[in-house]
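As a plain string of letters, each chain reads:
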Amino acid sequence: MAQPPAFVFNVPETPEDQGQDPSPYDESEVHDSFHQLIQEQSLRAAEEGLELRVLPQREPGPETLGASELLDMSFCFVGSGHQALLGPEGVPDYSTATLRILASMPSRTIGRSRGAILSQYYNRTVRLRRRGSRPPLGGVGRSARPSLRLYDLELDPTAFQEEEKRTLLVKELQGLTVTQRDHMLRGMPLSLAEKRSLREESWTQSGKQRGPQGRRGLLPCCSRLRYACGLALHSLGLALLSALQALTPWRYALKQIGGQFGSSVLSYFLFLKTLLAFNALLLLPLLAFIVGVQAAFPPAPAGSVPTFTGLELLTGGGRFSHSVMYYGYYSNTTLNQLCGPPLDGSQCTPEAGGLPYNMPLAYLFTMGMSFFITCITLVYSMSRSFGESYRVGSTSGVHAITVFCSWDYKVTQKWPSRLQQDNIRTQLKELLAEWQLQQGPRSVWGRLRQVAILGFVWLLCLGTTLGCTLAVYAFSELMIKNPVSAEREWELLALPLVVCLLNLGAPYLYRGLAALERHDSPILEVYVAICRCVTRWGRWAFLGQGLCLPGAPPSASTPLVLCRNLILKMVILGILCYHWLGRRVGALKGQCWENFVGQELYRLMVMDFVFTLLDTLFGELVWRFISEKQRKKRGKPEFDIARNVLELIYGQTLTWLGVLFSPLLPAMQIMKLLVLFYVKKTSLMANCRAPRRPWLASHMSTVFVSLLCFPSFLGAAVFLCYAIWQVRPSSICGPFRTLDTMYEAGKVWVRHLEKAGPRVSWLPWIHRYLVENTFPIYLVSALLLAVIYLNIQVVKGQRKVICLLKEQISNEGEDKIFLINKLHSVYEGKERSRVGRAQEAEVPPTLPADERDAR
Amino acid sequence: MGNKPAVFTHEQLEAYQDCTFFTRKEIMRLFYRYQDLAPQLVPLDYTSSPDVKVPYELISSMPELKDNPFRQRIAQVFSEDGDGHMTLDNFLDMFSVMSEMAPRDLKAYYAFKIYDFNDDDYICAWDLEQTVTKLTRGELSAEEVSLVCEKVLDEADADHDGRLSLDDFQHVILRAPDFLSTFHIRI
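Since this is a predicted model, take the numbers as computed values, not measurements.

Details of the nonpolar core
Then comes step 1: Tyr268(A), Leu576(A) and Leu660(A) are the most contacted members of the largest nonpolar core, which totals 114 residues.
Then comes step 2: Here the element with the most residues in this core is helix H12 (residues 251–296) of chain A; it accounts for 20 residues.
Then comes step 3: Those residues in contact with Leu660(A) that sit more than four places away from it in its chain are Tyr327(A), Tyr363(A), Met367(A), Leu720(A), Ala723(A), Ile724(A) and Met742(A).
Then comes step 4: Membership of the second largest hydrophobic core comes to 95 residues, among which are Leu118(A), Leu192(A), Leu198(A) and Leu153(B).

Here's what the structure looks like:
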């Protein structure tokens, strides 16, 4: 198409060079690009006064470097400072024969020529097809299989070979199923046009092939049908995929955040999204099997229902207590005219006309199942995230990773991209400084002082945590001693208020303390801190792993604050759990204590939400105004990812703790998260800037999920298990009101089944031998331990193999260089003898040997 | 499709879906982005596969690439002739590789190409210097740059030939968990 001439990109064309100086190994691309490079370089050298370091002994310039192929080959050798291995003269002395051989070495052709890529993928396809236990292609495929080893030294027949490889690849692709073929095609590093033509060929040829085969075969119709089915399934899959993609919310918002603030801040919002998914997963079965069913069969109202006043939205009491919101509303009877859900559908025995729906059982099972599903998903996502971010032997190569993997391609705006460049510069400088520091010895005194400061700060933090805990405990005792009357319901908000205030205030204190302990070497500090962490609380081990990595030095204060905040939050929640199950149950004799606990959690959640909003408003907005007025140069405050994530984890723990007593709490959490997403996004856009220090996004998201799993989910699960197995449910409300423990519901049902007849006798048997007997549990845990042990051993072995392979590779490299040198000397000797003979025979030549050879 | 004239035939769309990591909707979105770059150049009817190239200047003015220090390399690597001018196929190819779904191997291959400034299939010290300079806006001293390059070569060059081959590079990438999330352009 006609392009406006102004747009034409100026490619430095050097036709005369090409004409007079053909490359020895017909690779005009390389040649072109090389000329371009030289021009660029000479331009740059002229403009910026940069010296071309590559060939100090020569004057750089296109005309002197006429033998471009020589330089192309030698460029890297010389530039890298390894020329000592290749002789004092450097490489340009290599004869073209040597270079010709070097150029056609297999390792040089990998990844460059299309032919090599084709054959590489051909081999992969063959492997894939073999695995699919289909019959091999036959003799043709095996004998003519091109391998990189067979790659001919003569590059003239490249075109032919490429064509051949291509047909082979197409043939192999035909042998694959449609999905495998697409997968293969998508992953090939070829241009789209190439892929399309490959696809086209493999489609049409397979169609052609299938035709005659079908005619010959007995069931032509069948194979055609299968083919059509495959096609239909294929389009269906594509359609489903697009439907799924359409469901991904916030595409644009996430892009905006990623573009403006980079991966680190984005990880907070992605975590929020993950939490939303978890809550939806938790809520759906609850809605379907408990809330929905109970709403369809409302129990007879017990006494008068209070009117709605509006305060309920904050306290969660009053009108809400008499709704599906809380445990107390659910009936302990069998709801009729409805068959049970699939969970206990198999036990749907016809009884007295209708199909029974045993509410206590449904409550127990649904809770158990949804928790189990959440647990599985959580563990799966955690293992996947660990697998992605920690690989065997991933502890070396900081500089390389920083250089190659630290640029965030998502960033789309000028300011963040400048910030990123600054970050990378700082990081590289720090790495270099640290490396230089390691060379020199460190003073013992300085180290001692650091440890002393650290110990002091830790003591202070732990003291504060202890104080907060005691305060919460004392306050909760006080609340028990002075029960709140029904008229002054708002007084119930006192405890959540105190808790939230402590939760809000302590992090600021910790941040202040963290500023105290800022030293010259952030890495050491983080190490020491985390090691303390690890030794004191074994379960933080993963945290230490996540933050101790020598990858990039994360912000010094971040992990410490994270750790301390987490300790505080978990200790406070622990105290509250003790308060509810240990003290409240006793204090609320004759009342529905489950409702009370549910309400308390509701209040905590609402208060947490309100405080988060206030904190966002005042903490970020006001801080921005102040800092803009006071110190012009500091500008906007940084977005504190760690604290915000911890708040999310805290909120999620509250949801998990309360879901047994208030099945609609996940719905509340979902609403809260939705609002939070928009509030935080708006506040982020308006008030904040990206964190200045680098931040390992994927490690951090692993740490987030692990924190969500370990203290948070595990704690909630222990709490709920205790409540289900040990605590006596209140006798006036809820589905378990007549039982000793909630777990009894299951036992009662099993006994009921035993009476029902021999048809379902296997269920009581399973219960007796697998659930009540402790032996299977021991067996399973022993098996689990064995599997873990085996895995550890496998990883160890892999590490060892990696070390050996590395050694082997480096040996091979040395061999290669040795062989190249040998080759060079052989050719040189040959050359010399030839020149000598020529000199003897004729007049002495005026041209150097190299140039004559090139002609 | 409705009464609006179709940009692609059904077969074309299916081929694009099979060869890229995009769904139909995303392909259309990308097409309109491409068309927006040069509305007078790119026709709204691709059923006959017209041979249109959008010049590099327009490609690099996209917000996704505008502030990327490697934008020129990206455009060169993905364009057919290495000049940065892009056909629709090149354009789709580029965003397909940069998408979330693309596997690590594919991404690593193209990242290698991007960092291989002189197109000699090896990342040598000079390429590394270019990369570091672009990464830091040229604000490191020459000494620091060469020190960094030396360290990188030291760490990543498994066979000690003084430069990084594709294999060396892939080995580095394999150990970098963040690569998949950072070598990613949201569309």
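Past the structure itself, the notes keep going.
A few points about the state of the cysteines
All names here are of chain A.
Then comes step 1: Under the counting rule described, the total for this entry stands at one disulfide over all chains.
Then comes step 2: Shown here is the disulfide that connects Cys592 with Cys733, its sulfur atoms set 1.7 Å apart. Judged by the torsion about the S-S bond (80 degrees), the Cys592/Cys733 disulfide is right-handed. Taken together, the residues span a long stretch of sequence, with Cys592 in the loop between helix H21 (557–587) and helix H22 (593–630) and Cys733 in the loop between helix H25 (697–725) and helix H26 (744–756) at a distance of 141 residues.
Then comes step 3: Accessibility expressed as a relative area gives 14% for Cys592, which makes it buried.
Then comes step 4: Classification of Cys733 by relative accessible area gives buried; the value is 7%.
Then comes step 5: No disulfide involves Cys577; its nearest neighbouring cysteine sulfur is the one of Cys721, lying 13 Å away.

Here's the deal with empty space enclosed by the protein
Residues and elements named next belong to chain A.
Then comes step 1: Taken as a whole and judged by the stated rule, the model has ten cavities of 30 Å³ or more.
Then comes step 2: The volume enclosed by the second largest cavity comes to roughly 90 Å³.
Then comes step 3: Taken together, Cys500, Asn503, Leu504, Lys569, Asp608, Phe611, Thr612, Asp615, Glu647 and Tyr650 make up the lining of the second largest cavity.
Then comes step 4: Those elements that provide at least two residues to the lining of the second largest cavity are helix H18 (494–516), H22 and helix H23 (641–658).
Then comes step 5: If one sorts the elements of the lining of the second largest cavity by residue count, H22 sits on top with four residues.

Some details on the UniProt feature "domain: EF-hand" (unreviewed entry) in chain B
Then comes step 1: Residues annotated by UniProt as "domain: EF-hand" (unreviewed entry) correspond here to residues 144–179 of chain B.
Then comes step 2: End C-alpha to end C-alpha, residues 144–179 of chain B measures 24 Å, and it is 64% helix and 0% strand.

Here we look at helix H4 (residues 96–103) of chain A
Then comes step 1: Among the residues of H4(A), Thr96(A), Thr98(A), Leu99(A), Leu102(A) and Ala103(A) are the ones counted as buried. Mapping the buried residues of H4(A) onto a view down its axis gives an arc of 155 degrees, with all of them on the same face.

Overview of a nonpolar patch on the surface
Residue and element names in this part refer to chain A.
Then comes step 1: Side chains of Leu311, Leu314, Trp490, Val610, Leu614, Leu617 and Phe618 sit close together on the surface and give an oily, nonpolar patch of about 610 Å² of accessible area.
Then comes step 2: Among the structural elements, Phe618 can be located in helix H22.
Then comes step 3: Accessibility expressed as a relative area gives 49% for Phe618, which makes it partly exposed.

What counts and how
- Residues numbered from 1 in each chain as written.
- Chains lettered and ligands numbered in written order.
- Predicted model: local features only at pLDDT ≥ 70, side-chain atom pairs only at ≥ 80, totals over all residues.
- Heavy atoms only, no water.
- Core = buried A, V, L, I, M, F, W, Y, C linked by side-chain atoms within 4.5 Å.
- Buried < 20%, exposed > 50% of the residue type's maximum accessible area, 1.4 Å probe, protein only.
- Helix = DSSP H or I, 4+ residues; strand = E, 2+ residues; numbered from the N terminus.
- Contact = heavy atoms within 4.5 Å.
- Disulfide = S-S within 2.5 Å.
- 1 Å grid on protein atoms, 1.4 Å probe; cavity = no way out; pocket = protein on both sides within 12 Å on 5 of 7 lines; lining within 4 Å.
- Points joined across faces, edges and corners; volume = space filled by probe spheres on them.
- UniProt positions renumbered as here; feature names shortened; annotations may be inferred.
- Arc of directions from axis to C-beta.
- Patch = residues over 30% accessible without salt bridge, like charges linked within 9 Å, V, L, I, M, F, W, Y side chains within 5 Å.
- Areas by Shrake-Rupley, 256 points an atom, 1.4 Å probe, with all protein chains shown as cover.
- Salt bridge = Lys/Arg side-chain N within 4 Å of Asp/Glu carboxyl O.

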